[in-house]
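If you want the building blocks of each chain, they are given just below.
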Amino acid sequence: MDMDFTPKFAKQLFEGEGGSYHSWSATEFPLLAEAKIGAGFLVLRPGGFALPHYADSSKIGYVLQGEQGSVGLVLPNSKTNSNQEIVLCLQTGDVIPVPLGSVSWWYNHGNSDVIIVFLGETSNAYVPGEFTYFFLTGALGMLGGFSTEFIGKAFNYSCKKPDCLAKSQTGALLVKLAPEEGQNMPVPQINNANKWVKNIVNFPADIQVERAGIATSLTGTNFPFLEEAGLSCSLVKLEPNAVHSPQYTTVNMVQVFYVVKGSGKVQIVGLNSKLVLDTNVVAGQLLVVPRFFVAAIVADGEGIECFSIKTSTGSAIGELTSKESVFNVISPSVLQFSLNVKTEFVKFFKEKIGKSEILIPPKN
């Protein structure tokens, strides 16, 4: 696989009074198209309103910043909530799946920016490696594409100017609502919110190692709504100079990492055991790990925090080091002959693996 694995920053595609949208282009980052992964992030300024839309890809939204965001979801393909609007409150650390074909809108009730990164799979997308959005309203709205005659007949609209329905909203993608308009936005539903959104920062960690960090995963098992998106996600926080030991996917799925905070060094080993990436990563960059490739991360002096998704709802991760390592399971004789070492070394090696963790603290 002769691909450029270099981590990339997003580029701004749109900016308006209500905020901005940024995306990673498959043209500039061909690995996205190869892996069939898409990514972008939304910045909602106070009063910012992302107009209702749907997309050709399933994705997960992760709230990087903000305490008073909200999202409205309509899930036409859902068996239990078809054509019902679900309105949810969003804050930093929240994970919100957005299944294929779902209609969503996003709003910022607060006084500071709300920032959400979206990661998803694009196997059925018009442009592999990118999300294509279809807006219901606004300057780019689907209604505006129809003739006045069609709009009038389709909606049984008695007004002589059906354009007031299709084209009265001149904003595109994002608009800014006045404070009095914002007060009329739907109130988030509290009762069933936990069914649709989970805060991964406050969720019980799968792994927690002193001086090394924590790793938390949301899958279809502990967050069933992810099944509708066909994705799972993880949050890894490494302490300064700690190591996330090498791991690989055990099923046909891709991992994509967004660096939320900090910096570190990443290595990826791929086909024919070739080191395909050995570089530093910093906050704001996107990193793609193809299926079955092995990746490891070492945090810099400030530590590193990464949010990632997998194109599967299960965990399906294999470890090369730690007590969960496949080397710890393989029979001693098989390991001895495979490594071409003495039995004493195999015993020593297994003892070391049995005491190690996936997250490794610095030695001093």
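No experiment lies behind these values; they were computed from the predicted model shown.

**Student:** Where do I start with the nonpolar core in this structure?
**Tutor:** If you look at soluble globular proteins, the nonpolar side chains tend to sit buried side by side. The biggest cluster of nonpolar side chains holds 91 residues, and the ones touching the most others in it are Y62, V95, W106, L119, L286 and F307. Those residues in contact with F307, other than ones at most four positions away along the chain, are I60, Y62, V95, L119, I200, C233, S234, L235, V256, F257, Y258 and V260.

**Student:** Help me out: how do you make sense of helix 8 (residues 343-355) in this one?
**Tutor:** Count 3.6 residues to each turn of an α-helix, and residues three or four apart come out pointing the same way. Relative to the 18 Å expected for 13 residues at 1.5 Å per residue, helix 8 spans 19 Å between its end C-alpha atoms, a close match to the ideal helical length. Within helix 8, burial applies to V346, K350 and I353. Down the axis of helix 8, the buried side of the element spans an arc of 65 degrees, and every buried residue falls inside it. Away from its buried face, by an angle of more than 90 degrees, helix 8 presents the exposed residues E344, K347 and K355. Looking at the buried positions of helix 8, the neighbouring elements they touch are helix 7 (332-339).

**Student:** Any chance you could explain the environment of Q247 here in plain terms?
**Tutor:** The residue Q247 is located in strand 18 (residues 243-249) in this model. Between the alpha carbons of Q247 and V294 there is a distance of 5.4 Å; along the sequence they are 47 residues apart.

**Student:** Even after reading the chapter, I still don't get the packing of helix 7 against helix 8, so can you show me in this structure?
**Tutor:** For any two helices packed against each other, the geometry comes down to the angle between their axes and how far apart the axes lie. Where helix 7 contacts helix 8, the axes come no closer than 9 Å and their chain directions differ by 115 degrees. Comparing the axis directions of helix 7 and helix 8 gives the class roughly perpendicular. In this structure, the crossing between helix 7 and helix 8 has a hand that is right-handed. Side by side, helix 7 and helix 8 meet where P332, L335, Q336 and L339 of the first sit next to T343, V346, F349 and K350 of the second. Each residue belonging to the contact of helix 7 with helix 8 can be placed in one class, and the counts come to five nonpolar, two polar and one charged.

**Student:** Would you mind showing me how to read the pattern of salt bridges here?
**Tutor:** Note on pairing: side chains with opposite charge can pair once their charged atoms come close. Enumeration according to the criterion identifies four salt bridges in this entry. The residue E15 makes a salt bridge to R45 at a minimum N-O spacing of 2.7 Å. Within this pair, whereas E15 is found in strand 2 (residues 11-16), its partner R45 is found in the loop between strand 4 (37-44) and strand 5 (48-55), the two being separated by 30 residues in sequence. Its relative accessible area of 26% is what places R45 among the partly exposed residues. The shortest N-O distance in the salt bridge between K265 and D278 comes to 3.5 Å.

**Student:** When you look at the packing of aromatic side chains in this model, what are you seeing that I'm missing?
**Tutor:** Here the distance between the centres and the angle between the planes together describe a pair of aromatic rings. Across all of its chains, the model carries 16 aromatic pairs by this definition. Ring geometry for F131 versus Y133: centroids 6.3 Å apart, planes at 70 degrees, classification edge-to-face. On the basis of relative accessible area, F131 is assigned to the buried category, the value being 11%. Through a chain of ring-to-ring contacts, the aromatic side chains of F327, F345, F348 and F349 assemble into a single cluster. In this arrangement the basic side chain of K8 is found over the ring face of F29, its NZ or CZ atom lying 4.7 Å from the centre.

**Student:** Before we go on, may I ask you to explain the sheet that holds strand 9 (residues 94-98) in this structure?
**Tutor:** Think of a sheet as strands paired side by side through backbone hydrogen bonds, with each pair either parallel or antiparallel. Read from one edge to the other, the open sheet built from seven strands follows the order 2-3-4-11-6-9-14, with strand pairing classed as antiparallel. Whereas interior strands pair on both sides, the edge strands pair on one side only; in this sheet they are strand 2 and strand 14 (198-199). Across seven bridges, the pairing between strand 6 (residues 58-65) and strand 11 (residues 114-121) is antiparallel. In the sheet register, Q65 faces strand 11, and the bridge partner there is I115.

**Student:** For this particular structure, what's the right way to read the pairing of strand 20 (residues 275-282)?
**Tutor:** Residues in a regular strand project their side chains so that they alternate between the two faces of the sheet. Judged from the seven bridges that link them, strand 19 (residues 255-269) and strand 20 form a sheet pairing that is antiparallel. Residue pairing for strand 20: I268 is matched across the bridge by L277.

**Student:** Which parts of the structure should I look at to understand the side chain of Q336?
**Tutor:** With respect to the helices, strands and loops of the structure, Q336 is situated in helix 7. Residues within four places of Q336 in sequence aside, it is in contact with V341, K342, T343 and V346.

**Student:** I keep staring at unusual backbone geometry and nothing clicks. Help me out?
**Tutor:** The phi angle of most residues is negative, glycine excepted, and most peptide bonds adopt the trans form. For R211, which is not a glycine, the phi torsion comes out positive at approximately 70 degrees. The topology assignment puts R211 in the loop between strand 15 (207-209) and strand 16 (213-218). For N272, which is not glycine, the phi torsion reads 60 degrees and is therefore positive. Mapping N272 onto the fold places it in the loop between strand 19 and strand 20. Residue N272 is classed as exposed on the basis of its relative accessible area, which comes to 79%.

**Student:** What should I look at first to understand the pairing of strand 2 in this one?
**Tutor:** Relative to strand 3 (residues 19-23), strand 2 runs antiparallel, the two being bridged by five bridges. Bridge pairing links Q12 to H22 in strand 3. Following strand 2, the chain reverses through two residues before pairing antiparallel with strand 3.

Calculation rules
- Residues numbered from 1 in each chain as written.
- Predicted model: local features only at pLDDT ≥ 70, side-chain atom pairs only at ≥ 80, totals over all residues.
- Heavy atoms only, no water.
- Core = buried A, V, L, I, M, F, W, Y, C linked by side-chain atoms within 4.5 Å.
- Buried < 20%, exposed > 50% of the residue type's maximum accessible area, 1.4 Å probe, protein only.
- Contact = heavy atoms within 4.5 Å.
- Helix = DSSP H or I, 4+ residues; strand = E, 2+ residues; numbered from the N terminus.
- Expected span 1.5 Å × (residues − 1).
- Arc of directions from axis to C-beta.
- Axes fitted to C-alpha atoms, helices over the stretch in contact; angles between N-to-C directions.
- Parallel < 35°, antiparallel > 145°, perpendicular 65-115°, else oblique.
- Left-handed = near helix turned anticlockwise from the far one by under 90°.
- Nonpolar A, V, L, I, M, F, W, Y, C, P; charged D, E, K, R; others polar.
- Salt bridge = Lys/Arg side-chain N within 4 Å of Asp/Glu carboxyl O.
- Phe/Tyr/Trp six-rings, centres within 6.5 Å; stacked < 30°, edge-to-face > 60°.
- Lys NZ or Arg CZ within 6 Å of the ring centre and 35° of its normal.
- Pairing = 2+ DSSP bridges.

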